[in-house]
Amino acid sequence: MNITATKQELPNVNSVSRISAGTKIKGEITSEFDIRIDGEFDGRIFSKGRVVIGDKANVTGTIICNNIDLWGKLEGSVIVKEVLTLKDGCSLKGDIKTNKIQVEIGAVLNAVCATISQQEYDKLAAAGKPQGAPQQEVRK
């Protein structure tokens, strides 16, 4: 009898950067992976993954990433490659450029919105990234 085990990829807990509740950070974050914010952040975020802003979080600044799930408060500019999801009870004030947006009933949205293609995202992200920020894949 020949039994072959298959290795399943499990998410690595160290692949998610987290700003916990009660923590305040001002500055710039660059990450290849997902980011979760439950505290306060003021600055710029560049991520090749998903940014989750928890229900008690307060974020001010610019976010450039693949996806955003917003539960808390965000004021600033967002450039999202795929989907921006605004959850019930969240608040977003600012400028949005995204491929797709999903808004739940109860979300507060006060923003200028533009739908962009992935090619437009690549141009905007490249223009807004600091030196050494992760490079997004270019899909044709």
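You'll find the structure just up there.
Below, the structure is looked at part by part. (Residues numbered from 1 in each chain as written. Predicted model: local features only at pLDDT ≥ 70, side-chain atom pairs only at ≥ 80, totals over all residues. Heavy atoms only, no water.)

1. Here we look at the overall build of the protein chain
Part 1 of the argument: Each helix and strand in the protein chain was counted, giving one helix and nine strands.
Part 2 of the argument: The N-to-C order of helical and strand elements in the protein chain reads β-β-β-β-β-β-β-β-β-α.
Part 3 of the argument: Every one of the 140 residues in the protein chain was classed for burial, and the buried ones make up 37%.
Part 4 of the argument: Contacts in the protein chain between residues far apart in sequence, at least 24 positions, make up 12% of those at least 6 positions apart. (Helix = DSSP H or I, 4+ residues; strand = E, 2+ residues; numbered from the N terminus. Buried < 20%, exposed > 50% of the residue type's maximum accessible area, 1.4 Å probe, protein only. Contact = heavy atoms within 4.5 Å.)

2. Some words on the nonpolar core
Part 1 of the argument: In terms of nonpolar packing, the biggest core is built from 23 residues, with I63 and I68 touching the most fellow members.
Part 2 of the argument: Looking at this core, the elements that each hand over two or more residues are β3 (34–37), β4 (40–47), β5 (50–53), β6 (58–70), β7 (73–86) and β8 (91–103).
Part 3 of the argument: For I68, the contacting residues outside a window of four places in its chain are V51, I63, V78, V80, V83, L84 and T85.
Part 4 of the argument: Counting six residues, the second largest nonpolar core, distinct from the first, contains F46, I64, I79 and I116. (Core = buried A, V, L, I, M, F, W, Y, C linked by side-chain atoms within 4.5 Å.)

3. Quick word on the environment of A21
Part 1 of the argument: Of note, A21 is situated in the loop between β1 (16–19) and β2 (24–31).
Part 2 of the argument: Its relative accessible area of 57% is what places A21 among the exposed residues.
Part 3 of the argument: Counting along the chain gives 18 residues from A21 to G39, while the straight-line C-alpha distance between them is 4.0 Å.
Part 4 of the argument: Residues contacting A21, with those up to four places away along its chain left out, are D38 and G39.

4. Here we look at helix α1 (residues 118–128)
Part 1 of the argument: Residues of α1 that are buried: Y121, D122, A125 and G128. Around the axis of α1, the buried residues are gathered within 140° of arc, so they sit on the same side. Of the residues in α1, the exposed ones pointing more than 90 degrees away from the buried face are K123, A126 and A127.
Part 2 of the argument: Residues of α1 that are buried make contact with β4, β6 and β7. (Arc of directions from axis to C-beta.)

5. With respect to a nonpolar patch on the surface
Part 1 of the argument: A surface patch of nonpolar side chains, amounting to about 220 Å² of accessible area, comprises I101, V103 and L109.
Part 2 of the argument: In this structure, V103 sits in strand β8. (Patch = residues over 30% accessible without salt bridge, like charges linked within 9 Å, V, L, I, M, F, W, Y side chains within 5 Å. Areas by Shrake-Rupley, 256 points an atom, 1.4 Å probe, with all protein chains shown as cover. Salt bridge = Lys/Arg side-chain N within 4 Å of Asp/Glu carboxyl O.)

6. Considering the pairing of β5
Part 1 of the argument: Examined bridge by bridge, β3 and β5 share three bridges and lie parallel to one another. Within β5, the position partnered with R36 by the bridge is V52.
Part 2 of the argument: Note: β5 against β6, four bridges, orientation parallel. Its bridge partner lying in β6, I53 is registered against L70. (Pairing = 2+ DSSP bridges.)

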